[in-house]
Amino acid sequence: MNTASSRRARAIVVALAAGSLALAGCSSGSSSEKDKSSTQEDAKSQSEAVALGDAAASTGPAKEVPGAKPGGTITVWQTDDFSHLDPGQSYVSDATLLGRLIHRGLTQLEEDDNGAKTVVGDMATDSGKSSDGGKTWTYTLKDGIKDEKGNAITSKDVRHTVERLYAPFISDGPTYLQQWLSGAGTTYRKALPDGPYKGKHLPDSVLETPDEKTIVFHFKEPQPDLPQALAMRGYSIVPEKADTKEKYDTKPVALGPYKISEFKPGKVMKLVKNANWDPKTDSVRHQYVDGFDITYNVQDAEQTKRILADREEAKNAVQFTGAVDISQAKKVVNDKAAFARTIRGYQPYVWQLNFNLDRIKDKKVRDAITYALPSIQIIRPDGGTYGGEPAGGLLAPTLPGYEKGYDPYGKLKKPNGDPEKAKKLLKEAGKEGMKLVYAYANTEIRQQQAVIIANALEKAGFDVQKKDIDNATWYEQVGKVKNGLDIYMTGWGQDWSSASTVIPPSFDGSQIQDGSANYAHLNDKHVNSEISRIAKITDPAKATAEWVKLHKYIVEEINPAAPMYFTKQFQIYGSNVGGARYNADTSYIDVTRLYLKK
């Protein structure tokens, strides 16, 4: 994203906002490298208010990246397919990263060189105009917005995009907008159970499109976070004429600067320029390179080896969602030229081991598992101190209200676990030798972690039955209510800098359905009622204090998921790649500004 320009002078600062992550280093832990380490203080300082941009701030073209040149193709090596191509199904970070290149929504986030964020209009003329105390939001489409086929985008396409999210086949994307419009939990689906596909629509009292350029959202409660929510890739536009329902997930129609020219699942994807993307309508994205050649089934170790060597096509290569391999991290850090070709940042994610509460109902058993986990060992395959640090709770350091040192299960004091405590609790529960069906994704990192986790649990007295699942469909499989599993890892990060984007989606019992982020299937009356109560608090500081109290109740009194580690990002790119920097929104390299130097 680009540096803030003078046209942003009229932007409005909002208190409840997306946090901003600045560049920070990662460390191997040696004394000579500690100065390069991402710390929780970095994360805290990176959380800032976001600005809401006006029409001037939302007008393209984007500010030029210094030294940028047009032409050439960037090489990308990926471990797996992207989880989804349909924006309505896009919630996992790999899909949202790709979406920055091929999809567009009403709003988007712009980040300046200091990490400050502004919500600007993407397809809309600005970040939105609110009225009626924040219950009504109006958006106007820019002129000249077309899809890759040259079809003009109108308000009907926006209406269709929103309404298709109610259809049963959309199960993996965000649900903020639907719930705000039509009811909490899963009740929103009752408002339009078939989506728009049988000719029915949401009433104008909920979603209004008075002309081809205007969209009006009507909410029962004030929704000050709507501009941030609409910036999520899950709310990118799907043109009505192009919608193929379930099939759209394999062949979407692009509105962004690039489109898919070739896609062989599990093998390759090629992106080329979208000739119908007009830079005058986009204040953030660039279209410097001719395209991206993406090859799957290249593990982090091989990605790192190739890019570190910096030969031939590797000079033009980047990691999209890959990271520097832990076994080669010191080599990268100690090579000044190679280290200069890295991006580092503190991510908002918390990796946790979810307990399926439909199957593991005894809290002593859940506590035993939590104490048994050797967090510091589990982090090592995922980058060691370059990739993360032990977590004591389920709120990341990037969130307002995070309490440094919070450690109810001794994960920070005993990062190698407490097997004796685990054995004692399991014995007290009368569940020695209990069988656990433990699922893990079949990537190199998760396989290594599975060995560590299984060994620790077996030492604590469990009978662990491991089950590997294809990483490309991981969240779909563990996201099923009847998944047949006992424990499984997931990583969750805030959608913007508020615990309201962590606790409700992760622990609201009314949201339990296939594809829900409530992976533990927690359905507690106190938690549900508190979520409903706190969500109505409009003062950010007061709401934060209440979310923190509820977080402690969830962690200490219920323990639906064992906290394991907070994450950091450490990526490397080729010497001929320019414009590379960390993007706090995606938590990966900023793909919107890349170019080739020659």
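Use the structure listed above.
Nothing here was measured: the structure is a model prediction, and the numbers come from that model. (Residues numbered from 1 in each chain as written. Predicted model: local features only at pLDDT ≥ 70, side-chain atom pairs only at ≥ 80, totals over all residues. Heavy atoms only, no water.)

K.L.:
Whenever I open this one, helix H15 (residues 525-534) confuses me. Can you help?
P.N.:
Buried residues of H15: Val527, Glu530, Ile531 and Ile534, and no others. All buried residues of H15 lie within an arc of 105° about the axis, which places them on one face of the element. Against the buried residues of H15 lie helix H14 (503-507) and helix H16 (540-558). Between the side-chain oxygen at the start of H15 and the backbone nitrogen of His526 there is a gap of 3.1 Å, and the oxygen is on Asp524. (Buried < 20%, exposed > 50% of the residue type's maximum accessible area, 1.4 Å probe, protein only. Helix = DSSP H or I, 4+ residues; strand = E, 2+ residues; numbered from the N terminus. Arc of directions from axis to C-beta. Contact = heavy atoms within 4.5 Å. Polar contact = N/O pair within 3.5 Å; in protein donor to acceptor, adjacent residues only side chain to side chain.)

K.L.:
Would you mind showing me how to read the sheet that holds strand S11 (residues 268-273) here?
P.N.:
Pairing between sheet strands relies on hydrogen bonds along the backbone, with the strands arranged either parallel or antiparallel. Read from one edge to the other, the open sheet built from five strands follows the order S10-S11-S12-S3-S13, with strand pairing classed as mixed. The sheet is open, and its two edges are formed by strand S10 (258-264) and strand S13 (317-319), each paired on a single side. If you compare each strand with its neighbour and ignore which way they point, the axes differ by 20° on average. Sheet topology places S10 next to S11; six bridges connect them, and they run antiparallel. Of the residues in S11, the one forming a bridge with Lys259 is Val272. Docked against the sheet, helix H6 (residues 300-309) engages strand S3 (73-77) and S13, running at close to 145° with respect to S13. (Pairing = 2+ DSSP bridges. Axes fitted to C-alpha atoms, helices over the stretch in contact; angles between N-to-C directions.)

K.L.:
I keep staring at the pairing of strand S4 (residues 107-111) and nothing clicks. Help me out?
P.N.:
Looking along a regular strand, one sees the side chains alternate between the two faces of the sheet. With respect to burial, S4 is a largely interior element, five of its five residues being buried. Of the two faces of S4, both are covered, the one formed by Thr107, Leu109 and Glu111 as well as the one formed by Gln108 and Glu110. As paired strands, S4 and strand S5 (residues 117-121) are joined by five bridges and run antiparallel to one another. Each bridged residue has a counterpart across the sheet, and for Thr107 the counterpart in S5 is Gly121. Connecting the antiparallel pair S4 and S5 is a turn made up of five residues, with Gly115 showing a positive phi of about 90°.

K.L.:
Explain the environment of Gly393 here, please?
P.N.:
Position of Gly393 relative to the elements: it lies in the loop between strand S15 (388-390) and helix H11 (419-428). Given a relative accessible area of 4%, Gly393 falls into the buried group. In sequence terms Gly393 and Thr370 are 23 residues apart; their C-alpha atoms lie 11 Å from each other. Ignoring any residue separated from it by four or fewer positions in sequence, one finds Gly393 in contact with Val350, Tyr406, His551, Pro563 and Phe566.

K.L.:
Is there a simple way to think about the pattern of salt bridges in this case?
P.N.:
Oppositely charged side chains are able to pair whenever their charged atoms sit close together. The tally for this structure, following the rule as stated, stands at 29 salt bridges. Between Lys552 and Glu403 there is a salt bridge, and its shortest N-O distance comes to 3.1 Å. With Lys552 in helix H16 and Glu403 in the loop between S15 and H11, this residue pair connects regions lying 149 residues apart in the sequence. By relative accessible area, which is 29% here, Lys552 ends up partly exposed. (Salt bridge = Lys/Arg side-chain N within 4 Å of Asp/Glu carboxyl O.)

By themselves these figures say nothing about function.
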